[in-house]
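These are the residues of each chain, in order.
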Amino acid sequence: MPIEIESPEEMGYDTIRYNLSESSVRDLPFKELDIDLSEVVLAYTVHRGDAHLRSLILEESTYFQVDDVLVTTGAALALFIVSTTLLDKNDHIIVIRPNYATNIETPRAIGCAMTIVDLNFDQQFDLDLEAISSAIQPNTKLISLTNPHNPTGKVFPLDAIKSIIAMAEKKGCRVLVDETYRDLNFQTPLLPYFASLSDRVISVGSLSKSFGAPGIRTGWLICRDKALMEQFLAAKEQMILGNAVLDETIAMHLLAQKSTFLPPIHAHIRENFAFLKNWLNEQTLLEWVQPEAGVVCFPRLKQGLQLDFPNFKKTLYEEHKTMVGYGHWFEQPERYFRIGFGYPSTSDLKAGLACLDSSLAQWVR
Ligand SMILES: Cc1ncc(COP(=O)(O)O)c(C=O)c1O
C-alpha cells in the first residue's frame, strides 16, 4: 500500500524536518509519564483486555457493559478482526472512501464484493445517503465509515449516521464506525460511541492519535452484540492471544488522566489550526473544506491548475525535507493531499507550510 511504503516510518524520520504527514499529535516521550512499572508482572493478560482498562475506555458510560469492549493492538487490529470475522468472498461491503487503507485493503484481500461510495469535495465531503442506500444488496454484511473522518477532518452529522444505522438494521447488516479520531474533538462536543445507538454498530477507538501513544499499540472495538463479541474475542485469540502487559498498564495510566491530559493537546491543536486556517484562506493555489475535528485536512489544487507531481514531491521531500500525505495514499487524484496540523510544533507547522508554498509555486502551472 502506498501509505505504508511512503510512510515516515519507512522513509526514515531522520530524513524529514517538517513532518506534516502525520494524523496524530506529538509522540509522547515515556519520561514525561509519572509511572512506576516496577510491580508489573510479565504475565499473559486477560484476553478481552484488563477489566479496569475496559471500564476506563467506557468512561462510566451507561450504554455499555465492560464485556462490550475488546482491547486490541491498535485500531488496526480491531479493523482487521472486524473484516476477517464478518466477511468472506461471497459477501458484499459498502465502504465510504476516502478511508483508512486497511478499511479498503482487508476486505479486498478477503475477496468480497465491494461498493465504494466516494465523498466529494464539491459536496463538502458530505455522506451520500442515497448512494449508500441503493448500494445495499442481499449479501451486504457491512457498511464501513470513519468519523471523525481521515483524511478530511469531517464530522458527519449525527442524523446522517443514524440514517445509515437505520438502513443497516432494516437490511440486517452491520455498521463499522472507525472512531480512531474521536478524542481529537478540539472544537466539537464529544458524542457517545456510535455503538451505543444499536447492537448492529461496531465502534473502533485507539490511544494512538489523540494521546500521541501509537507505540503502545493499544486500541479497541466496542459492540453490544454479545454473540458477535465472542467471535471477535476468538479472532483476537487466534492472532495475538492478549495484549502486552506493559502496553495495557501504560494505557490505563493515560486513560485515568484523560481529563487533565487532553486539554493542553486540544489547545495546541487549536493554535495550529488557527494558523493553518489563515494560511489556507490566503492560498491562491489551494482550496479546502475546513476540518471540524481530528488533526488533518484534505485540500486540493484549485480547478484549472496543473501539478507536476513527481517533481513537486521530490522538491518538497529532498530539498525542503518536508512531508505531507499524498492523495494516492487515499486512492484520490494527485491534486489532493493531506496536511497533518496536530503533530508539528507551531513553529514547525509554519516552516513546513512555507516549504509547501515554495514547492507548489515551483511545480504548479
Ligand atoms: C482511521 C484510522 N483507523 C485506524 C488507524 C490505525 O490506528 P492504530 O495506530 O490505533 O492502529 C489509523 C491510523 O492512521 C487511522 O487513520
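So, how was this worked out
Residues numbered from 1 in each chain as written. Predicted model: local features only at pLDDT ≥ 70, side-chain atom pairs only at ≥ 80, totals over all residues. Near = placed C-beta within 6 Å. Helix = DSSP H or I, 4+ residues; strand = E, 2+ residues; numbered from the N terminus. Nonpolar A, V, L, I, M, F, W, Y, C, P; charged D, E, K, R; others polar. Pairing = 2+ DSSP bridges. Axes fitted to C-alpha atoms, helices over the stretch in contact; angles between N-to-C directions. Contact = placed C-beta atoms within 7 Å. Domains from an automatic or database assignment.

Structural notes on the site of the ligand
Thought 1: As a structural note, the neighbourhood of the ligand is formed by 13 residues, with Gly-74, Ala-75, Ala-76, Ser-206 and Ser-208 the closest of them.
Thought 2: By residue number, the principal contributor to the shell around the ligand is helix H4 (residues 74–86), which donates three residues.
Thought 3: Residues that form the shell around the ligand fall into these classes: four nonpolar, eight polar and one charged.

Here we look at the sheet that holds strand E8 (residues 219–222)
Thought 1: Strand order across the open sheet formed by seven strands is E2-E8-E7-E6-E5-E3-E4, with mixed pairing between neighbours. Of all strands in the sheet, those with a lone pairing partner are strand E2 (69–72) and strand E4 (113–118), marking the two edges. When the angles between neighbouring strand axes are averaged without regard to direction, this sheet yields 20 degrees.
Thought 2: Against the sheet, helix H3 (residues 51–58) contacts E2, strand E7 (201–206) and E8, and its axis sits at roughly 110 degrees relative to E2.
Thought 3: Seen against the sheet, helix H7 (residues 158–171) touches strand E5 (140–146), strand E6 (174–178) and E7 and runs at an angle of roughly 150 degrees to E6.

Thoughts on the sheet that holds strand E13 (residues 337–340)
Thought 1: One open sheet accounts for four strands, arranged E1-E12-E13-E10; its pairing is mixed. Either end of the sheet is taken by a strand with one partner, and the two such strands are strand E1 (18–20) and strand E10 (296–297).
Thought 2: Direction of pairing for E10 relative to E13: antiparallel, over a ladder of two bridges. The residue of E13 that forms the bridge with Cys-297 is Ile-339.

Describing the domain arrangement of the chain
One widely used convention gives an interface's size as the accessible area the parts lose upon coming together.
Thought 1: The domain architecture assigned to the chain consists of domain 1 (2–22 + 259–363) and domain 2 (30–256).
Thought 2: Here the C-alpha centre of domain 2 lies 26 Å away from the C-alpha centre of domain 1.
Thought 3: In this complex, domain 1 contributes 23 residues to the contact, which on the side of domain 2 involves 23 residues.
Thought 4: Elements that contribute at least two residues to the side of domain 1 that touches domain 2 include exactly helix H10 (258–281) and E10.
Thought 5: Top element by residues in the side of domain 1 that touches domain 2 is H10. It accounts for six residues.
Thought 6: Residue composition of the side of domain 1 that touches domain 2, grouped by class: 13 nonpolar, five polar and five charged.

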